[in-house]
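Residues per chain are reported as follows:
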Amino acid sequence: MGDVSFDSIVKCNTGESSISYILEDEKIFYEVGFKVLQNQEKYGLLKCGKLSQNGKIKLIYGVSKYKPLSALLPQISQQNFLFVVSRIYDIIKHVEENGFLRCENIEANIDRIFVDSEDLSVYLICLPIN
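Residues numbered from 1 in each chain as written. Predicted model: local features only at pLDDT ≥ 70, side-chain atom pairs only at ≥ 80, totals over all residues. Heavy atoms only, no water.

Novice: What's the story with the overall build of the chain in this structure? I'm lost.
Specialist: Counting its secondary structure elements, the chain contains four helices and seven strands. Secondary structure of the chain in N-to-C order comes out as α-β-β-α-β-β-β-α-α-β-β. Considering the chain as a whole, with its 130 residues, one finds that 40% of them fall into the buried category. Relative to all contacts within the chain whose residues are 6 or more apart in sequence, the contacts with residues 24 or more apart total 62%. A total accessible area of about 7600 Å² is found for the chain, and carbon and sulfur atoms account for 49% of it. Here the chain carries 14 positive and 17 negative side-chain charges, and the mean point of each set is 5 Å from the other. (Helix = DSSP H or I, 4+ residues; strand = E, 2+ residues; numbered from the N terminus. Buried < 20%, exposed > 50% of the residue type's maximum accessible area, 1.4 Å probe, protein only. Contact = heavy atoms within 4.5 Å. Areas by Shrake-Rupley, 256 points an atom, 1.4 Å probe, with all protein chains shown as cover. Lys, Arg positive; Asp, Glu negative; His and termini not counted. Charge placed at Lys NZ, Arg CZ, Asp CG, Glu CD.)

If you want it as structure tokens, here you go:
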């Protein structure tokens, strides 16, 4: 993407039940990556929805069933923390081997790593962009 910053081409909005991203330029949208994301939840990638908002592409990820890792950190044991880190590694490795998605498009912010507090399943956001 040259010298264009991520924040200038993708705008993020966080709500209680979802996180959305508005693509300032529809040319960066990657249709194949979007289709691949529809079947990746079992591998730890959140399913992505797509809408049009004011002529721009809006990507939506439902997160209501999960808690951000930042909220869970004070509560989890060292063993569970290591389990979560191991799971994050597994998800990234899967993306790396996938061929259609890019590791650079995974949100690595601690507030954007989601955990199911019941079984410590981990879910990441991967943006289908070029």
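Novice: I keep staring at the nonpolar core and nothing clicks. Help me out?
Specialist: Looking at soluble globular proteins, one finds that nonpolar side chains tend to be buried together. Membership of the largest hydrophobic core comes to 38 residues, with the highest contact counts inside it found for Leu 59 and Tyr 61. Secondary structure elements with two or more residues in this core: strand 2 (18-23), helix 2 (31-37), strand 4 (56-62), helix 3 (69-72), helix 4 (78-98), strand 6 (113-115) and strand 7 (122-124). Counting residues per element, this core draws most heavily on helix 4, at four residues. Once residues lying within four places of it in the same chain are set aside, the contact partners of Leu 59 are Ile 19, Ser 20, Tyr 21, Leu 23, Phe 29, Cys 48, Gly 49, Lys 50, Leu 127 and Pro 128. (Core = buried A, V, L, I, M, F, W, Y, C linked by side-chain atoms within 4.5 Å.)

Novice: I would appreciate a short explanation of the sheet that holds strand 7 in the present structure.
Specialist: The strands making up a sheet associate through backbone hydrogen bonding, with each pair oriented either parallel or antiparallel. Reading across from one edge, 5-6-7 is the order of the three strands in this open sheet, with antiparallel pairing throughout. Pairing within the sheet leaves two strands with one partner each, and these edge strands are strand 5 (67-68) and strand 7. Of the strand pairs in this sheet, strand 6 and strand 7 are connected by three bridges, and their pairing is antiparallel. Considered in strand 7, the bridge of Ile 113 is made with Leu 124. Running at roughly 45° to strand 7, helix 4 makes contact with strand 6 and strand 7 of the sheet. (Pairing = 2+ DSSP bridges. Axes fitted to C-alpha atoms, helices over the stretch in contact; angles between N-to-C directions.)

Novice: Hey, could you run me through the sheet that holds strand 3 (residues 48-53) in this one?
Specialist: With antiparallel pairing, four strands are arranged side by side in an open sheet as 1-2-4-3. Every other strand in the sheet has two partners, leaving strand 1 (10-14) and strand 3 as the edge strands with one partner each. For this sheet the average axis-to-axis angle between neighbouring strands, irrespective of direction, equals 25°. In this structure, strand 2 lies alongside strand 4, joined through six bridges in antiparallel fashion.

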